[in-house]
Amino acid sequence: MTSNKGSREETVDVLVIGAGASGAAATAWLSEAGFKVKCLEQGFWQDPSKYASTSPDYEFEALTNWSSDPNKRQRDEDYPINVSDSPVSPVMFNGVGGSTILWSAHTPRFHPSDFSVKSLDGVADDWPLSYEDLEEYYDLNDEVMGCSGINGDPANPPRSPRQMPPLPLGSDGMRLIDAFEELGWHWWPSDSYINSQRYGEGRDACNFCGHNNMGCYQRAKSSTDLNYWPRALKSGAEIETGARVRRITTDKSGTATGADYIDSKGNERHQSARSVIMAANGVGTPRLLLNSSSDSHPDGLSNSSGLVGKNLMFHPFAMVTGVFPENMKTWRGPLSNFAMSQEFYETDESRGFVRGYTYQFQRSLGPAWIANGGFTDPIPWGEDHHTELSKRFGSMMGLAVIGEDLPEIHNTVDLDPELTDSDGIPAPRINYTVSKNSRDQLDHAIENARKVFETAGATDIYVDPLMRQSGWHLMGTARMGNDPVDSVVDKWGQSHDVDNLFIVDGSVFVTGAAVNPTPTIQALALRTADYIVSHRQDLKG
Amino acid sequence: MTININVDENVMTAILDRLIPAVDNLPSAGQMGFTSEIVRLAGQQDRFKAIFNNAMHLFESHNPEFTSLASAEQDDALRRFEAESPDLFGALRTISYIVYYKDPKVHERIGWDGRTPQPDGNKMEPWDESVLENIRKREPFWRKA
């Protein structure tokens, strides 16, 4: 039902919920095509000059007020997430730019096989589209976000020229690369949405501070507040920050009519719209859809399939860290984006599991980060403390394992019966188990990472078999497909149940591949927006 | 929400002395005067402040004579706390390490320039395409769908 509470705003053509990676891309595309677009964002604009990386307290800030975990950050604009039934905690940022504010900006693409896992490997489902269907949108997104990298990777199809050369590998990076070459295993410089040279308006080249896990003072790390949003605003789009959506509203026929929300001053408001695009991530979007039940959608909006909130996929991360005998000053250069290996990406059934994994090469950071464990256990306190710090500081490198996590219906986001945000809106609850296939992938990757570090000459090797705070990649909770019985949206991101409702975030993923998902999320968002422009002019007022 | 920090700073100082002992020309962390900075920093976020308060109050309640114990007994008390309340102990250890490694004298000893990450960043050798010589010889092996 349409809410009668609060004040009413002018009806817009498209109401976008969320101003992050996908919401920004869709808003820019549609506003440039002449649609009247408004975005509601629960967070706020960020000022890069005030990011924590310039503060002497940056180590503390990264664990608290600037943590990627909303349960630790606890800003007013964050919502709590019940993670007591999940070994992995979702991480995200709420603000203009969304999680691209705190992401690492590692931006590999899906492989062609990732869209056809049922046909190729007999597991999960095929996507209703192919790599070729997305390729032009990948290219468009690379151009806006700005990609450092280089063509010629034998593990991936040929692609268009990158906007900038790769980020430098460093002598520390070469230490790992030499080991991969000695083992005869693939490696390639990463595609990164981090400027290796000036690119984009007001955006400097990376100055190798190391902390690409924080907001970027240099504006070298791409985030959608720096590129898509200026374009969107220039073409007339509107964004309201501090706007927390309570529910998507519908009329008696079940058509979406806008959203009820609480504005930054605490007033209950309604924004009416001729269509709604959900871009609130793979946790936030199912939460809102489930909070939007009505007479016409009794189980939640767009949930006739019962699959809203089901099939949650993370990429459960393992981390293997090696300590080398010499100080290589491993705090210089991006923490996590300079190179990758996809030697074990495609299915080889002799390994005992299907699908595969990517290694993302990692550096390390300063002494407090090292002392507190970095990617492994904290350094012991007491008499051995200084000796151990001296061994690890400047000498630690890592291999992060990103394995393909296949969809399972029992991995879910639903509404917590008790927990709410500060406006009383039911909060999400995660129920997630790492599957045997994912566990087998991770174990295989851990053993091979040991070989890499032994070959490279590491003296100590540490293993975190499953990183708790690694739920960056939130996927699958409103999957796309051709059949309304077993999917929530069609191949264009349009709801099967509500023809003026679209979803453009990671919720729509059918499978998760074994790479960071953001370029794919953004390419899908651009494709959906392009579909609306070409097929849904009826949504214009 | 405002939470006042109300801990016995002598206990925190004694804890610091055991967590990070003297090394080379540097005294132990408590004797370097970091306690007040720890209390200040812990107050910068309500969530952390509450954890810090809980940790200190629980530790003090279980170890009312901590400051007068011998060093080995203090270590035993800390190990018990670490085993019984790992998250709370972890909060004390985390902030102790953060504050210790902010200090210029510590930076000098470990050979770290100690700058904040920005605005100056670091220097690196530029990208060198010749490193791709070997891997470029490999035939494409991605799987066609």
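Rules used throughout
Residues numbered from 1 in each chain as written. Chains lettered and ligands numbered in written order. Predicted model: local features only at pLDDT ≥ 70, side-chain atom pairs only at ≥ 80, totals over all residues. Heavy atoms only, no water. Helix = DSSP H or I, 4+ residues; strand = E, 2+ residues; numbered from the N terminus. Rg over C-alpha atoms; globule rule 2.2 N^0.38 Å. Contact = heavy atoms within 4.5 Å. Areas by Shrake-Rupley, 256 points an atom, 1.4 Å probe, with all protein chains shown as cover. Lys, Arg positive; Asp, Glu negative; His and termini not counted. Charge placed at Lys NZ, Arg CZ, Asp CG, Glu CD. Core = buried A, V, L, I, M, F, W, Y, C linked by side-chain atoms within 4.5 Å. Buried < 20%, exposed > 50% of the residue type's maximum accessible area, 1.4 Å probe, protein only. Buried area = accessible area lost by both parts, 1.4 Å probe. Salt bridge = Lys/Arg side-chain N within 4 Å of Asp/Glu carboxyl O. Polar contact = N/O pair within 3.5 Å; in protein donor to acceptor, adjacent residues only side chain to side chain. Nonpolar A, V, L, I, M, F, W, Y, C, P; charged D, E, K, R; others polar. Pairing = 2+ DSSP bridges. Axes fitted to C-alpha atoms, helices over the stretch in contact; angles between N-to-C directions. Phe/Tyr/Trp six-rings, centres within 6.5 Å; stacked < 30°, edge-to-face > 60°.

Caption draft 1: Here's a closer look at the overall build of chain B. When its secondary structure is counted, chain B shows six helices and zero strands. Across chain B, helices and strands are ordered from the amino to the carboxyl terminus as α-α-α-α-α-α. For 145 residues, the compact-globule estimate of 2.2 N^0.38 gives 15 Å, and the C-alpha radius of gyration of chain B, at 22 Å, exceeds that figure by more than 25%. Summarising its shape, the C-alpha atoms of chain B cover approximately 70 × 45 × 35 Å along the three principal directions. For chain B, the share of sequence-separated contacts (at least 6 apart) that also reach a separation of at least 24 residues comes to 66%. Carbon and sulfur atoms make up 47% of the accessible area of chain B, which amounts to about 7500 Å² in all. Seen as two clouds, the 17 positive and the 23 negative side-chain charges of chain B have centres 10 Å apart.

Caption draft 2: Region of interest: the overall build of chain A. If you tally the helices and strands in chain A, you get twelve helices and 18 strands. For chain A, the C-alpha radius of gyration of 22 Å lies close to 24 Å, the compact-globule estimate for 541 residues. Principal axes of the C-alpha set define a box for chain A whose edges measure 70 × 50 × 45 Å. Of all intrachain contacts in chain A linking residues separated by at least 6 positions in sequence, the fraction that spans at least 24 positions is 73%. When the accessible area of chain A is evaluated, it comes to approximately 16800 Å², of which 46% is carbon and sulfur surface. Taking the average place of the 46 positive charges on the side chains of chain A and the average place of its 73 negative ones, the gap between the two points comes to 4 Å.

Caption draft 3: Quick look at the nonpolar core. In this structure, I17(A), W127(A), I248(A), I277(A), M278(A) and F509(A) are the most contacted members of the largest nonpolar core, which totals 87 residues. A per-element tally of this core places helix α12 (residues 518–535) of chain A first, with eight residues. In this structure, I248(A) is in contact with I17(A), A256(A), G258(A), A259(A), V276(A), M278(A), S292(A) and L301(A), ignoring residues within four places of it in sequence. Listed in part, the 67 residues of the second largest apolar core include V39(B), A77(B), F81(B) and L88(B).

Caption draft 4: Spatial organisation of the interface of chain B and chain A. Taken residue by residue, the interface counts 57 residues in chain B and 73 residues in chain A. Around 5300 Å² of area is buried between chain B and chain A when both sides are counted, 65% of it from carbon and sulfur atoms. The tally of links between chain B and chain A comes to four salt bridges. Across the salt bridge formed by R40(B) and D57(A), the nearest N and O atoms sit 2.9 Å from each other. The tally of links from chain B across to chain A stands at 29 residue pairs in polar contact (both at pLDDT 80 or more). Those elements that place two or more of their residues in the side of chain B that touches chain A are α1 (9–19), α2 (35–42), α3 (46–62), α4 (71–84), α5 (86–100) and α6 (104–110) of chain B. Classifying every residue of the side of chain B that touches chain A by side-chain character gives 29 nonpolar, eight polar and 20 charged.

Caption draft 5: Spatial organisation of the pattern of salt bridges. All names here are of chain B. The tally for this structure, following the rule as stated, stands at 49 salt bridges over all chains. Put simply, D46 and K49 hold a salt bridge, and the shortest N to O gap is 3.5 Å. Residue D46 and its partner K49 are located together in helix α3, separated by three residues, close to a single helical turn. For D46, a relative accessible area of 24% corresponds to the partly exposed category.

Caption draft 6: How the structure looks around the environment of D120(B). Inspection of the secondary structure assignment puts D120(B) in the segment after α6. Classification of D120(B) by relative accessible area gives exposed; the value is 52%. Each residue touching D120(B), except ones within four places of it in the same chain, is listed here: N207(A) and R115(B).

Caption draft 7: Seen up close, the sheet that holds strand β16 (residues 426–431) of chain A. Residue and element names in this part refer to chain A. A sheet is described by the order of its strands in space; here three strands give the open sequence β4-β16-β15, paired in mixed fashion. At either end of the open sheet lies a strand with only one pairing partner, and these are β4 (82–85) and β15 (412–420). With strand direction ignored, the average angle separating the axes of adjacent strands in the sheet is 40°. Pairing analysis gives five bridges linking β15 to β16, with the strands arranged antiparallel. The residue of β16 that forms the bridge with V413 is I430.

Caption draft 8: The arrangement of the pairing of strand β11 (residues 317–323) of chain A in detail. All names here are of chain A. Among the seven residues of β11, seven are classified as buried, and the element is accordingly described as predominantly covered. Of the two faces of β11, the one carrying F317, M319, T321 and V323 and the one carrying A318, V320 and G322 are both buried. The pairing of β11 with strand β14 (residues 396–403) spans seven bridges and is antiparallel. Following the sheet pairing, T321 is matched in β14 by G398. As judged from the five bridges shared by β11 and strand β17 (residues 460–464), these two strands associate in the antiparallel manner. Across the sheet, the residue bridging to M319 is D464, located in β17.

Caption draft 9: Structural detail: the packing of aromatic side chains. Residues and elements named next belong to chain A. On inspection of all chains with the given rule, the structure shows 31 aromatic pairs over all chains. A centroid spacing of 5.3 Å and a plane angle of 75° characterise the contact between Y357 and Y359, whose relative ring orientation is edge-to-face. The class for Y357 is buried, based on a relative accessible area of 0%. The class for Y359 is buried, based on a relative accessible area of 0%.

Caption draft 10: Representation of helix α8 (residues 281–290) of chain A within the structure. All names here are of chain A. Among the ten residues in α8, ten count as buried, and that is most of the element. For α8, the set of buried residues is N281, G282, V283, G284, T285, P286, R287, L288, L289 and L290. Contacts from the buried residues of α8 go to β2 (14–17), β7 (244–250), β10 (276–278), β15, β16 and β18 (501–503).

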